[in-house]
Amino acid sequence: MKEGRDEDILGIIPPVKMIIKEGGTFSLKNLPPVYYGQDELKDSALLLASCLCGQGEGRTAPAPENISGGRTVILTLEGAPSEQAMGFPDESYTVKITPEGIRVSAPDKAGIARAVQTIRQAAFPSDDLPCLTINDRPRFPWRGMHLDVSRHFFPKDYILRFIDTIALFRFNKLHLHLTDDQGWRAEIRKYPLLTEIGSLRESTVIGHNRERPLKYRDVPYGGYYTREEMEEMVEYARIREIDIVPEIDMPGHMQAAIAAYPELGCTDMKLKPRCQWGISQHILNAEESTIEFMKDILDEIMEIFPCPYIHIGGDEALKYEWQEQRHIQERMAEVGVKSEDGLQSWFISRMGEHLHSRGRHMIGWDEILEGGLPEGAIVMSWRSEAGGIEAAGQGAPVINCTSTHTYFDHYQGPAESEPLAIGGDCPLEKVYAFEPVPREIPEEKKHLVMGSQGQLWTEYIADREYLEYMAFPRALALAECLWCRPEEKDWNVFEQRLDRAERLLDALGVNYRRRNA
Ligand code: TNX
């Protein structure tokens, strides 16, 4: 019997908290029925059955009153969520594997879903699972991956596949950056031109945006998700207990929307969706009608995405137009703010009030601190850790997305030997060394850090293969930073476990960057 860390028993990523190995094995050949103790676990039962034997329907059933003898797999809700979960899903779980079967229990559905993924990893590559007991729980409630589908578009089917891959490493959030200057990607029924005009750009810059003169590929580029497609993504993610966090970026990064509805903007220039990278200097105006328009968009977004969190962007809003234009200056006086930063804060606060009135939390990038942090906002700190430290100081929850460690659009090796990327330097070891709670946050405020996520901005990431190359295995290192306490991490052990995880990615047909490539 071996108790302790899962170093050489299974090699799960991220490692489970406690594992006890007993003798014997449970064979997955002729999988017995997968029972669910409560109806709400049926989806997890179907998923587990289909992962273990390639077939879900017909393999699952409600658990009978008395299970007497015979081989069984059973999922059941048991016990109360721990106080440690602080109102977030608990996500802890227990898995017991004996020669007769598998018993999975957890205080909530999310815990059962994580257990399913642990078993999915454990079952690779052999048909025989070793007998053991696992107890596990995550360190942070926010364990995410972010994906920019504006600069380059990834169709619905690919998003499903990406969700399935990150679920395997017990992530629980997919943040979709749905809109930006270069393309609007979400169908909004009330405003069809957002996608009709805003999803299509005439050309796309070739090579790095720093090069001069800029060169363009003169081929129109577009794509968007219909409402049904977004609903399908939400449902697929729900089965895996992953929240899709939608982002509508405002008041900057809105050129595609202003191109579709010029009355939203500050300029008489006829705009089109932007064809190069970098930040557009065009920004929304602050008219009441624009506020209403944005609220309408958020209403449809909330109908599609049940996630408790809605992201309103707020980053990199260049305020030249606001400074230059008299009607904006007048509007500032009207709403009682003294600076352009104050106006941005007013704008974001209006969105916050709207979201809160519908029972959702608002998230914004750390620029929402400028001009005063809107009430009740959650801050995604990216430019450094400073925004997160400041937000926590003000008592606001923080998601630490510092670009130094979590920007997976950055290079992971020497630029000369890597495919073209935006810049930066973020090798796997650096991600693994990431500690999501900044040291500077005082002890009594550290609980405000909800976790982190890996950013995939896609200016230079145009296809699935390269996206996965940038995402993996860095996302696996991040998954460990989010599941484990610092003292539970060990780079050398991670590297060993990665060998097996890479074979699993191979089997799933997921691309990743080879180490020492
Ligand atoms: C900054 S991070 C941006 C994005 C870019 C990214 C490139 C953030 C909130 N805004 O618009 O794609 O840098 O790394």
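As shown above, the structure is provided for reference.
As a starting point, this report considers the structure included with it. It should be emphasised that the depicted structure is a prediction, and the values quoted were computed from it without experimental measurement.

Thoughts on the site of the ligand
- Lining the immediate surroundings of the ligand are R151, H253, D315, E316, W365, W382, Y407, D409, I422, W457 and E459.
- E459 has a polar side-chain atom sitting 2.6 Å from an oxygen atom of the ligand.
- Isolated, the ligand exposes 360 Å² of accessible area, and the fraction of that covered by the protein chains is 93%.
- Broken down by class, the residue content of the shell around the ligand amounts to five nonpolar, one polar and five charged.

Topic: the pairing of strand β7 (residues 101-106)
- The buried fraction of β7 is high, at five of six residues.
- When strand β5 (residues 72-77) meets β7, the two strands line up parallel, connected through six bridges. Its bridge partner lying in β7, I74 is registered against R103.
- Of the pairings in the sheet, the one linking strand β6 (residues 93-98) to β7 comprises five bridges and is antiparallel in character. Paired with V95 across the two strands is V104, which belongs to β7.

Considerations on the sheet that holds strand β10 (residues 173-177)
- Spatially, β9-β10-β15-β16-β17-β18-β19-β20 is the arrangement adopted by the eight strands of the closed barrel, whose pairing is parallel. If you compare each strand with its neighbour and ignore which way they point, the axes differ by 30° on average.
- Across the sheet, helix α7 (residues 288-304) lies against β15 (243-250) and β16 (309-313), angled at about 170° from β15, the strand it touches most.

So, the side chain of D180
- Within the fold, D180 resides in strand β11 (residues 179-180).
- Looking at D180, its side chain comes within polar contact range of the side chain of H177, at 2.6 Å.
- Here the side chain of D180 touches H253 through a polar contact of 2.6 Å, side chain to side chain.

So, the state of the cysteines
- This model, assessed by the stated rule, comprises zero disulfides.
- C53 takes part in no disulfide bond, and the closest cysteine sulfur to it belongs to C51, at a distance of 9.7 Å.

Here we look at the packing of aromatic side chains
- For the coordinates displayed, the defined rule picks out 16 aromatic pairs.
- Note on F153 and Y225: the rings are 4.7 Å apart at their centroids and 45° apart in plane angle, and the pair reads as tilted. Taken together, the positions of F153 in the loop between β9 (142-148) and α3 (156-168) and Y225 in the loop between β14 (215-217) and α5 (227-239) put the pair 72 residues apart, joining distant regions of the chain. Neither residue differs from the other here; F153 and Y225 are each classed as buried.
- Ring plane angle 45° and centroid distance 6.3 Å describe the contact between Y158 and F162, whose orientation is recorded as tilted. Of this pair, Y158 and F162 both sit in helix α3, four residues apart, roughly one helical turn.
- Accessibility expressed as a relative area gives 8% for Y158, which makes it buried.
- Three or more aromatic residues link up through ring pairs in this structure, and these residues are F154, Y158, F162 and F472.
- Taking the ring centre of Y236 as reference, the NZ or CZ of R240 above it sits at 3.6 Å.

Thoughts on the pattern of salt bridges
- A full pass over the atoms with the stated rule returns 46 salt bridges.
- For E91, the salt bridge goes to R143, with nearest N and O atoms at 2.7 Å. One end of the pair, E91, is in the loop between β5 and β6; the other, R143, is in strand β9, with 52 residues separating them in the sequence.
- What makes R143 buried here is its relative accessible area of 1%.
- A salt bridge links E241 to K109; the shortest N-O distance between them is 3.9 Å. Residue E241 is found in the loop between α5 and β15, and its partner K109 is found in helix α2 (residues 109-122); the two are separated by 132 residues along the sequence.
- Taking the relative accessible area as the measure of exposure, K109 reaches 27% and is therefore partly exposed.
- Connected through shared salt-bridge partners, K17, R485, E487 and E488 make up one network.

Rules of the game
Residues numbered from 1 in each chain as written. Predicted model: local features only at pLDDT ≥ 70, side-chain atom pairs only at ≥ 80, totals over all residues. Heavy atoms only, no water. Near = heavy atom within 4 Å. Polar contact = N/O pair within 3.5 Å; in protein donor to acceptor, adjacent residues only side chain to side chain. Areas by Shrake-Rupley, 256 points an atom, 1.4 Å probe, with all protein chains shown as cover. Nonpolar A, V, L, I, M, F, W, Y, C, P; charged D, E, K, R; others polar. Buried < 20%, exposed > 50% of the residue type's maximum accessible area, 1.4 Å probe, protein only. Helix = DSSP H or I, 4+ residues; strand = E, 2+ residues; numbered from the N terminus. Pairing = 2+ DSSP bridges. Axes fitted to C-alpha atoms, helices over the stretch in contact; angles between N-to-C directions. Contact = heavy atoms within 4.5 Å. Disulfide = S-S within 2.5 Å. Phe/Tyr/Trp six-rings, centres within 6.5 Å; stacked < 30°, edge-to-face > 60°. Lys NZ or Arg CZ within 6 Å of the ring centre and 35° of its normal. Salt bridge = Lys/Arg side-chain N within 4 Å of Asp/Glu carboxyl O.

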